[in-house]
Amino acid sequence: MTDVRSARPETDPGRRMSGIGRVLVAVYGVLALAAVGRSFVQIATKFDEAPLAYVLSALAAVVYVVATIALVRSGRGWYRIAWATLIFEFTGVLVIGTLSIVDPELFPHDTVWSWFGRGYLFIPLVLPVLGMWWLAKHRPPAAQAPQAAQPAPATDSEAGTGADAA
């Protein structure tokens, strides 16, 4: 009798789109859509009221879209892009979150990252930390170094004999 567990294909331990990774990407996707929608409406309808806040919301939206794509795609390049976007996002949340508390006049209207993302249930603060943890646990396989071309052993006719061999 065949064991069903052995019939399943082995999953690649470096693969990011499995289990919790799918949930992480889904949350990033929803956050990306929410941030894009919010920033579009803010810029289109009341940009003159708080241009800095609305531009920062649009920047956050772009970061979330790129992060979502980078988390879904495989390869070392996308892995690096995912790290860069998550670090940028986390830095943005910390800086804008702190500035929005210390100097509220700087942001008369909230951005996605104001008050550390309180308008989004603090998901912008927690999500990049979870994303960085996930990326650290699911590194892509190391690229194999190309083997140096070894010269083929010379034959008698190639090595040159007699007068040609000097």
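Bear in mind the structure is a predicted one, so any value in this text is a computation, not a measurement.

Side note on the packing of helix α3 (residues 51-72) against helix α4 (residues 76-102)
As a packed pair, α3 and α4 sit with axes 8 Å apart at the nearest point and diverge in direction by 150 degrees. Relative to α4, α3 is oriented roughly antiparallel. Between α3 and α4 lies a crossing whose hand is left-handed. For the pair α3 and α4, the contacting residues are L56, L59, V63, Y64, V66, A67, I69, A70 and L71 in the first and W78, I81, A82, T85, L86, F88, E89 and I96 in the second.

Quick word on the side chain of S114
Looking at the secondary structure, you find S114 in the loop between α4 and α5 (123-137). In this structure S114 comes out as buried when scored by relative accessible area, which is 1%. One polar contact links the side chain of S114 to the main-chain amide nitrogen of T111, over a distance of 2.8 Å. Look past the residues within four positions of S114 in its chain and what remains in contact with it is I96 and S100.

What counts, and at which threshold
Residues numbered from 1 in each chain as written. Predicted model: local features only at pLDDT ≥ 70, side-chain atom pairs only at ≥ 80, totals over all residues. Heavy atoms only, no water. Axes fitted to C-alpha atoms, helices over the stretch in contact; angles between N-to-C directions. Helix = DSSP H or I, 4+ residues; strand = E, 2+ residues; numbered from the N terminus. Parallel < 35°, antiparallel > 145°, perpendicular 65-115°, else oblique. Left-handed = near helix turned anticlockwise from the far one by under 90°. Contact = heavy atoms within 4.5 Å. Buried < 20%, exposed > 50% of the residue type's maximum accessible area, 1.4 Å probe, protein only. Polar contact = N/O pair within 3.5 Å; in protein donor to acceptor, adjacent residues only side chain to side chain.

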